[in-house]
Number of protein chains: 4
Amino acid sequence: MVEGMPITALTKFMELVSKHIDNLKNTIDEEAIERFFESLDNSKSIFVLGAGRSGFVARAFAMRLMHLGYSVYVVGETVTPRIQREDMLIAISGSGETSSIVSISQKAKEIGSKIVTVTSKRDSTLAKISDIVLIVKGKPKSEKDESISQLFPLGTLFELTAMIFLDGIVAEIMARKRLSERDLELRHAILE
Amino acid sequence: MVEGMPITALTKFMELVSKHIDNLKNTIDEEAIERFFESLDNSKSIFVLGAGRSGFVARAFAMRLMHLGYSVYVVGETVTPRIQREDMLIAISGSGETSSIVSISQKAKEIGSKIVTVTSKRDSTLAKISDIVLIVKGKPKSEKDESISQLFPLGTLFELTAMIFLDGIVAEIMARKRLSERDLELRHAILE
Amino acid sequence: MVEGMPITALTKFMELVSKHIDNLKNTIDEEAIERFFESLDNSKSIFVLGAGRSGFVARAFAMRLMHLGYSVYVVGETVTPRIQREDMLIAISGSGETSSIVSISQKAKEIGSKIVTVTSKRDSTLAKISDIVLIVKGKPKSEKDESISQLFPLGTLFELTAMIFLDGIVAEIMARKRLSERDLELRHAILE
Amino acid sequence: MVEGMPITALTKFMELVSKHIDNLKNTIDEEAIERFFESLDNSKSIFVLGAGRSGFVARAFAMRLMHLGYSVYVVGETVTPRIQREDMLIAISGSGETSSIVSISQKAKEIGSKIVTVTSKRDSTLAKISDIVLIVKGKPKSEKDESISQLFPLGTLFELTAMIFLDGIVAEIMARKRLSERDLELRHAILE
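Nothing here was measured: the structure is a model prediction, and the numbers come from that model.

Draft legend 1. Region of the structure containing empty space enclosed by the protein. One pass over the full model with this rule turns up three cavities of 30 Å³ or more. For the second largest cavity, the calculated volume is near 80 Å³. The wall of the second largest cavity is formed by Met14(C), Leu24(D), Thr27(D), Ile28(D), Asp29(D), Ile33(D), Leu134(D), Ile135(D), Val136(D), Thr161(D) and Phe165(D). When the residues that make up the lining of the second largest cavity are grouped by side-chain class, the tally is eight nonpolar, two polar and one charged.

Draft legend 2. Layout of the interface of chain B and chain D. Between chain B and chain D, the residue contacts involve four residues of the former and four residues of the latter. With both sides pooled, the region where chain B packs onto chain D buries about 290 Å², and carbon together with sulfur makes up 48% of that total. The three residues of chain B that bury the most area against chain D are Phe56(B), Thr78(B) and Ser99(B), which together make up 69% of that side's buried surface. In this structure, the connection of chain B to chain D is made through zero salt bridges.

Draft legend 3. Quick look at the pairing of strand 3 (residues 88-92) of chain D. All names here are of chain D. Counting buried positions over the five residues of strand 3 gives five, a clear majority of the element. Here strand 3 shows no split at all, with Met-88, Ile-90 and Ile-92 on one side and Leu-89 and Ala-91 on the other all buried. Inspection of the sheet shows strand 1 (residues 46-50) paired to strand 3 by five bridges, in the parallel sense. Along strand 3, the bridge assignment pairs Phe-47 with Leu-89. Two strands pair when backbone bridges link them, and strand 3 and strand 4 (residues 114-119) are joined in this way by five bridges, in the parallel orientation. If you follow Ile-92 over to strand 4, its bridge partner there is Val-118.

Draft legend 4. Representation of the sheet that holds strand 2 (residues 72-74) of chain B. Residue and element names in this part refer to chain B. With parallel pairing, five strands are arranged side by side in an open sheet as 2-1-3-4-5. At either end of the open sheet lies a strand with only one pairing partner, and these are strand 2 and strand 5 (132-135). Recorded for the sheet is a direction-independent mean angle of 20° between the axes of neighbouring strands. Sheet strands in contact with helix 2 (residues 30-42) are strand 1 (46-50), strand 3 (88-92), strand 4 (114-119) and strand 5, and its direction is about 125° off that of strand 5.

Draft legend 5. Broad picture of the pattern of salt bridges. According to the stated counting rule, one finds 44 salt bridges over all chains in the structure shown. For Lys177(A), the salt bridge is made with Asp41(A), and the minimal N-O distance between the two is 3.2 Å. Of this pair, Lys177(A) sits in helix 7 (residues 156-177) while Asp41(A) sits in helix 2 (residues 30-42), and the two are 136 residues apart along the sequence. We classify Lys177(A) as partly exposed; its relative accessible area is 29%. The exposure class of Asp41(A) is partly exposed, given its relative accessible area of 27%. Connected via shared salt-bridge partners are Arg53(A), Glu159(A), Arg64(B) and Asp167(B).

Rules behind the numbers
- Residues numbered from 1 in each chain as written.
- Chains lettered and ligands numbered in written order.
- Predicted model: local features only at pLDDT ≥ 70, side-chain atom pairs only at ≥ 80, totals over all residues.
- Heavy atoms only, no water.
- 1 Å grid on protein atoms, 1.4 Å probe; cavity = no way out; pocket = protein on both sides within 12 Å on 5 of 7 lines; lining within 4 Å.
- Points joined across faces, edges and corners; volume = space filled by probe spheres on them.
- Nonpolar A, V, L, I, M, F, W, Y, C, P; charged D, E, K, R; others polar.
- Contact = heavy atoms within 4.5 Å.
- Buried area = accessible area lost by both parts, 1.4 Å probe.
- Salt bridge = Lys/Arg side-chain N within 4 Å of Asp/Glu carboxyl O.
- Buried < 20%, exposed > 50% of the residue type's maximum accessible area, 1.4 Å probe, protein only.
- Helix = DSSP H or I, 4+ residues; strand = E, 2+ residues; numbered from the N terminus.
- Pairing = 2+ DSSP bridges.
- Axes fitted to C-alpha atoms, helices over the stretch in contact; angles between N-to-C directions.

Quick look at the structure:
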């Protein structure tokens, strides 16, 4: 690749992410988040689901839920049991249309599990079948021009924002449950 | 958990992440990044490595490297072959001391592979054995008080910052190689 | 559990597996296997797919295909690219009806990739859309009584037989390509 | 590859596996298995560990332990918590020398967890630090000639035998606990 160029794309990228995250705090849907917290504590187990890079965001969140003391499973991992009526499924999909994610969520819905979706599309198939929808803004439509796609290809902006949003949710849970870093550390894997 | 509280931790979390990312652009080590780009293009294959949540960040980056057209593998996944002298290992570890990551990197070093570390500790064991060190600032030391640990428990800030930094690196590579979102999409998995 | 009992189930289990494997060699469909070998060598990349324990069998086979020198990917893993017309998908499913496996295979078929199914049901949905069907006998129907289900619950017998069959396929490929254990070892991961 | 050959390696492979499994039942160490069963029921959680193809065998066994009702985790997966003194670690390694497996098992031993090893080498490093050693015979030494390595390259015979042995252990647990296939099915994941 061309070397010795000023690192302009990286700098621009960070400026835009910083601004995007700062704006995010004005779009917080307090009512949906309250209902999410209530459901988290009323569910027997929490199942987390995502494909591709959203799947890594899902797993990073699942790991923290475990550190917080929840009974949590990742759909598709080895020790994940049958989901039950009293369980919650958290599906992460920017478009809300990823076919495997939609079809798995539909199965969980039929069983009667609570469905929570983290998506950027409120009118997506996934959002429509969900009990709780947590909107995370991805690529802004008005700026969906070449230059934005060039910096945030595919689901990049959604994935980053979802990861930050969910880590903020972890911080909020810690505050409300008066949990300290030490409480999480005691559950953190040491065989790795 | 206590419900109906104002969502203060989440809001504070976003403010601090936004500020942290904005500051990040002043700490870019252009020389290290140039050397990293040069090595990327001179390596036959790229191996990516991380434990826990840093492992998810590593995989999210590996997926984009594949989309960019690189030959890339995740250490520990099924189809990952024997690493060779002409290959590069990218290890991600906030502390630079995760024992399995250090010991695997040492093996790769013995073989003669190029070692790149993404870490927040320049004087860590991992950084010391690396050819290229990409510093990603995690929790600021001066603020390592209760309130910061409460918002960013364990490696949270490093993991988020590393994910954003590496996605910025992807944007920079796209700019230099004149790759478009469409080029990445053509390599994006559709069986999922 | 009740201790100090004679270990009768384990012994009986081994006897039946041994007999089952011995019978297996009389059911080898040479023509299907020849066509499979031909397709393997004519495909650009090989994609491997399975759910649950069949997914582990799929990955164990994928790892050996890599050791044998094929370009191989596991559907759902990090570095797996978009499947193409010139590629082959190997789906492993005892029932041939696992919904996600069927729907992913259908997508691959639409693209024009070659579909190979390893299953115990020749008239399953998966077998019907496949170019090549490799039948691996699971639980015999006539013996589908309590005592057999007690020893081989769920897909156990299919999974074991598929793993053995596919490792036998590896041995056959080695013989035909005159590859030695050393050739495989040279590709075996050492970072683990 | 050369086509149209008689499928002799595959047939020979099945004959030898069948014979190997049949012999296996004469080598069952009843006392070690009794102690293993006792420890399984006295452990709070069970952690399972393996690298490469032995890792897939480990996961296949972990999945069945979950189906049987045990609290079980795979080392390295997302929701795996910190191992405790009252937990058991089951490590699977043919050679008993895989470095990451040995070093992780040593960490677990320091914590005071019970260590169980499934290996073919009674005098290996891993076996020596273990509380219970379950020997699974791999490639017979006397036959370690070209022709055997040609059919069972690398750890093939150990991996197959370990998978069969552990599925036999599942059958034995079902018999002793009077569990039926239906009991397992009720815990089997349906979101996949």
